[in-house]
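Take a look at the letters that make up each chain.
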Amino acid sequence: MALAAIPTEAQNAIERFLKSSRRPALLEPGEPLLLLAADNYTLQLRSSRLTLQVWDQTRNLVRRITGVAHEARGRLELVVEQFARKEGRLFLVDLARPSSLDFERRSERLVFRERFRQFLTRQFADWTLAEISAEPNLEASLSPSYPRAFLRRGQNGWAAIGAPPESDPAGLLTFGLIWLDYLRRREKRLAVEGLALYVPRGQERNTSLRLPWLNEEVARYELFAYDGHDFAAHIDPRDFGNVDTRVEVCRRPAPLGAFERLLESPEVERVALHDGAVSLRVRGVEFAQVAESGARFGLAQRTVARAHHLPEMERLARDLAERRSPAAEDREHPLYRRNPEAWLESQVRAQIERVYAPLSPAPVYDQVPAFAGGDRGVLDLLAVERSGRLAVLELKATADLQLPMQALDYWLRVKWHLDRGEFTPNGYFPGIQLRPDPPRLFLVSPALEFHPTTETVLSFFSPAIDVERVGVGVEWRKGLQVMFRLSGAERPCTEPRA
C-alpha cells in the first residue's frame, strides 16, 4: 500500500527528495538511468493528476504519479499508472550515496535483461519464454551478473544465459551450466536439451575455446555474439582453433654464486624459472631472485642484491619463516595470510608424489604456457609422470566455483602445445620422452574448500579429459594429507560401505 496516495503528498515527497539529493536519478525497471538536473524535468499537479516528465537527448519519459510506496534517505519508490491502468513502479535515487551503487548496478542488469529478452525472441521465435531473471539465487549459486532464461516448446526446453557488455564473460559458461543443471532438476517432466550463451562481440574467444571440450552427449550448446545494435550472430567454436598462449624457451638456471648460502636454511626454496632466473622463496613467498643479469631482493624485488647484502637477506628469510610458520601465533599477520595458493604450491612441490604417486618430483614448472596478462586467481603447475605423460595441477586454497573452468583453460592450452610438440624443443622436461596422451588434470584444494557446484560443472566435461580432484587436510600448511581422491564428477561417499 502506498504511504502517500494524495497527489500533493506525493509531490511534497518528490520535492523533498530532489532538494536533499546531490546526484538525483530516475530509474524505470528495464530502462537506463536518467540523471535529473534543474533543466530536464517538470513536476506538475493539475486537477488531482500529478505528472512527472523527464527527458534527455534520446528519451522523453512522462508518467502519472499515483502514490509513494516507500520513502527513505537517498531513495524514493513511486507508484505510477501504466498502460491499461496497470500499476507500476518508478524509483528516484541519489547516486551520490554509496548505498545507491548496488541500485545502479541492478538498473544496468535490468536494462540488459530486456535486451537479452529481445535476443531470445529472435533466435528462438518458435519457443515460449517461460522465465527470465536478473536476480540472484544464492541457494543455487546463480549470479545476478548474468541474466538467465528458460525457453519451452511442448515437452522440450532450453536454458539461456547472457553476459552484459560491461561484465567479464569468463564466468558465463560456469553459471550457464549451473543454470542448465538447475532447470533439469526442477523441470523433471521436460527434456531441457541444452544451453544458449550470449556474449558481446569481440569477447567470444574464451567461451569458444572451452565449448569443444564439453560432452555433447550430455547437452547441446549454442553460442551467439551480439553487437551494439542488438544483432546476435551464431558463432562456430571451430573458428577459434588457435589458443592465445605461447611456450617460452626454458633456459638453464643461473648460478647462485654467493647467494648459494641462503639455501642452508631449510625453509628457503629454490625454484627455477623458465627465463633462467632462480626464485628464492619461503613457503611460496619470493624474497629474492637471481638471474644472469644480477640479483634483487625484498618482498617487492626493488633492491639490487650484492654479496654484502647476504646478512640482510638471511634476516628477511628468517622473518618470513617465523611469520609464515604453520605454528605462528599471529595468523592475522599480513605475511601469514599472503597468497595462500603460493603456500599450497610450496607444499605440493615438496610432496608432489602424495598428490599422485607416479608423478616425478622434478622438474615441475609453473605458468607454462604463459597466459597473456591478468591474475587468474589460481596457480598452475605442469609436471610429468615417470611414464612421460604430462600432468596439469590447478591449486586453489579457498572455495571458487570457477576452478573447473579455469583448470580447463590451462589444460586445453597445454594439450594444444603438446600436440604441436612445442615443449621438448623449447627445453622443458629434458631427457624425458613425452607421451602424446592428453595431459592428466588434477584439481588440488583443501577438502572442505571445493565449491558445492564443482561436481555439477565437471559432469559436463568431455570424457577425453582425465580429471581428478584431490582434497587435502585442513592442516595442509603443516604437511599434505590426502583426504580423498575423486574422479571426474564423482561425489564423496557419505555412507559407510557394507
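Just above sits the structure.
Remember, predicted model here, so these are calculated numbers, not experimental data.

Here is what the cut-offs are and how they apply
Throughout, a residue's number is its position along its own chain's written sequence, starting from 1. Only residues with pLDDT of at least 70 are given local features in this predicted model, and only at 80 or more are side-chain atom pairs given and counted; all residues enter the totals for whole chains, interfaces and linings. With hydrogens and water excluded, all non-hydrogen atoms of the structure serve as input to the side-chain values. Working definition: a ring pair exists when centres of Phe, Tyr or Trp rings (six-membered ring for Trp) sit within 6.5 Å. Plane angles under 30 degrees give stacked, over 60 give edge-to-face, the rest tilted. Strands are runs of DSSP state E lasting at least 2 residues, helices are runs of H or I lasting at least 4, and numbering of each runs from the N terminus. In this scheme, a residue with accessible area under 20% of its type's maximum is buried, one over 50% is exposed, and one in between is partly exposed, where area comes from a 1.4 Å probe on protein chains only. Counted as over-ring charges are cases with an Arg CZ or a Lys NZ within 6 Å of the ring centre that also lie within 35 degrees of the ring normal. The salt bridge definition used is simple: a Lys or Arg side-chain nitrogen within 4 Å of an Asp or Glu carboxyl oxygen. Here, nonpolar core refers to any group of buried Ala, Val, Leu, Ile, Met, Phe, Trp, Tyr and Cys residues whose side-chain atoms link them within 4.5 Å. Note on definitions: a residue-residue contact is assigned when non-hydrogen atoms from the two residues lie within 4.5 Å. Think of it this way: DSSP has to see at least two bridges between two strands before they count as a pair. All axes are obtained by fitting lines to C-alpha atoms, using only the stretch in contact for helices, and the reported angles, taken between N-to-C directions, cover 0 to 180 degrees. To estimate how far a helix should extend, the number of its residues minus one is multiplied by 1.5 Å. Counted as a polar contact is a pair of N or O atoms within 3.5 Å, where, for protein atoms, one must be capable of donating a hydrogen and the other of accepting one, and residues adjacent in sequence contribute only when both atoms are in side chains.

Visitor: How should the packing of aromatic side chains be read in this particular structure?
Guide: In this description, an aromatic ring pair is defined by two values, namely the gap between the centres and the angle between the planes. Evaluated as defined, the whole model comprises 19 aromatic pairs. Their ring planes at 40° and their centres at 5.6 Å tell us that Tyr-146 and Phe-175 sit as a pair that is tilted. You can see Tyr-146 sitting in the loop between β8 (128-133) and β9 (148-153) and its partner Phe-175 sitting in helix α3 (residues 172-186), a full 29 residues away along the chain. For the pair Tyr-146 and Phe-175, one class covers both residues: buried. Ring-pair connections join several aromatic residues into one group, and the members of that group are Phe-112, Phe-116, Phe-119, Tyr-198, Phe-224 and Tyr-226. Lying across the ring of Trp-179, Arg-148 places its NZ or CZ 5.4 Å from the centre.

Visitor: Would you mind showing me how to read the pattern of salt bridges here?
Guide: Proximity of charged atoms lets side chains of opposite charge pair with each other. Counted by the stated rule, this structure contains 36 salt bridges. Two residues, Glu-71 and Arg-16, come together in a salt bridge whose shortest N-O distance is 3.1 Å. Placement of Glu-71 in strand β5 (residues 60-72) and of Arg-16 in helix α1 (residues 7-20) is noted, with a sequence separation of 55 residues between them. For Glu-71, a relative accessible area of 36% corresponds to the partly exposed category. Judged by relative accessible area, which is 46%, Arg-16 ranks as partly exposed. One salt bridge in this structure joins Asp-244 and Arg-413, with 2.6 Å as the shortest N-O distance. You can see Asp-244 sitting in the loop between β13 (232-235) and β14 (245-246) and its partner Arg-413 sitting in helix α9 (residues 403-419), a full 169 residues away along the chain. The exposure class assigned to Asp-244 is partly exposed, which follows from its relative accessible area of 38%. Among the charged side chains, a salt-bridge network with shared partners connects Arg-281, Glu-345, Arg-349 and Asp-366.

Visitor: Is there a simple way to explain the nonpolar core in this structure?
Guide: If you look at the biggest cluster of nonpolar residues, it comprises 63 residues, and the most contacted ones within it are Leu-177, Leu-195, Leu-382, Leu-390 and Phe-423. Of the residues forming this core, the biggest block, 10 residues, is contributed by α9. Excluding anything up to four places from it in sequence, Leu-177 contacts Leu-195, Leu-214, Tyr-221, Met-405, Thr-456, Val-457 and Phe-460. Core analysis: the second largest hydrophobic core is formed by 24 residues, Val-348, Ala-383, Leu-393 and Val-472 among them.

Visitor: Could you clarify how one ought to interpret the sheet that holds β8 in this entry?
Guide: Pairing within the open sheet is mixed, and its six strands lie in the order β8-β9-β10-β11-β12-β13. Sheet topology places β8 and β13 at the edges, where each strand pairs with a single neighbour. Neighbour-to-neighbour, the strand axes of this sheet turn through a mean angle of 25°, independent of strand direction. Sitting on the sheet, α3 is in contact with β8, β9, β10 (156-162), β11 (191-200) and β12 (220-226), with an inclination near 155° to β11.

Visitor: Where do I start with α9 in this structure?
Guide: In an α-helix there are 3.6 residues to a turn, and that puts residues three or four apart on one side. Taking 1.5 Å per residue as the helical rise, α9 with its 17 residues ought to reach 24 Å, and the 24 Å between its terminal C-alpha atoms agrees with that figure. Just downstream of α9 lies Gly-421, where phi reads positive at about 60°.

Visitor: Mind showing me how you'd approach the side chain of Arg-113 here?
Guide: When you line up the elements, Arg-113 lands in helix α2 (residues 100-123). Within the structure, the side chain of Arg-113 is placed 2.8 Å from the side chain of Glu-114, a separation counted as a polar contact. Setting aside residues up to four positions removed in sequence, Arg-113 forms contacts with Ile-132, Ser-133, Ala-134 and Pro-147.

Visitor: Sorry, what's going on with the sheet that holds strand β23 (residues 390-395) here?
Guide: Hydrogen bonding along the main chain pairs the strands of a sheet, whether they run parallel or antiparallel. Across the sheet, six strands lie side by side as β20-β22-β23-β24-β25-β26; this open sheet has mixed pairing. Every other strand in the sheet has two partners, leaving β20 (365-366) and β26 (482-487) as the edge strands with one partner each. Where β20 lies against strand β22 (residues 379-384), two bridges are found, and the strand directions are antiparallel. Among the inter-strand pairings, Tyr-365 is bridged to a residue of β22, identified as Leu-382. Most of the contacts of helix α7 (residues 340-350) go to β22, to which it runs at about 15°, and overall it touches β20, β22, β23 and β24 (440-446). Each of β22, β23 and β24 touches α9; the most contacted strand, β23, lies at about 155° to it.

Visitor: I would appreciate a short explanation of the pairing of strand β7 (residues 87-94) in the present structure.
Guide: Along a regular strand, successive side chains alternate from one face of the sheet to the other. Most of β7 sits inside the fold, with six of its eight residues counted as buried. As judged from the four bridges shared by strand β1 (residues 24-27) and β7, these two strands associate in the antiparallel manner. Its bridge partner being in β7, Leu-27 is matched across the sheet by Phe-91.

Visitor: Help me understand α3 in this model?
Guide: Taking 1.5 Å per residue as the helical rise, α3 with its 15 residues ought to reach 21 Å, and the 21 Å between its terminal C-alpha atoms agrees with that figure. Most of α3 is tucked away, with 11 of its 15 residues classed as buried.

Visitor: What's the story with the side chain of Lys-415 in this structure? I'm lost.
Guide: Mapped onto the secondary structure, Lys-415 falls in helix α9. On the accessibility criterion, Lys-415 (15% relative accessible area) is buried. Discounting chain neighbours no more than four positions away, the residues touching Lys-415 are Trp-213, Pro-438 and Pro-439.

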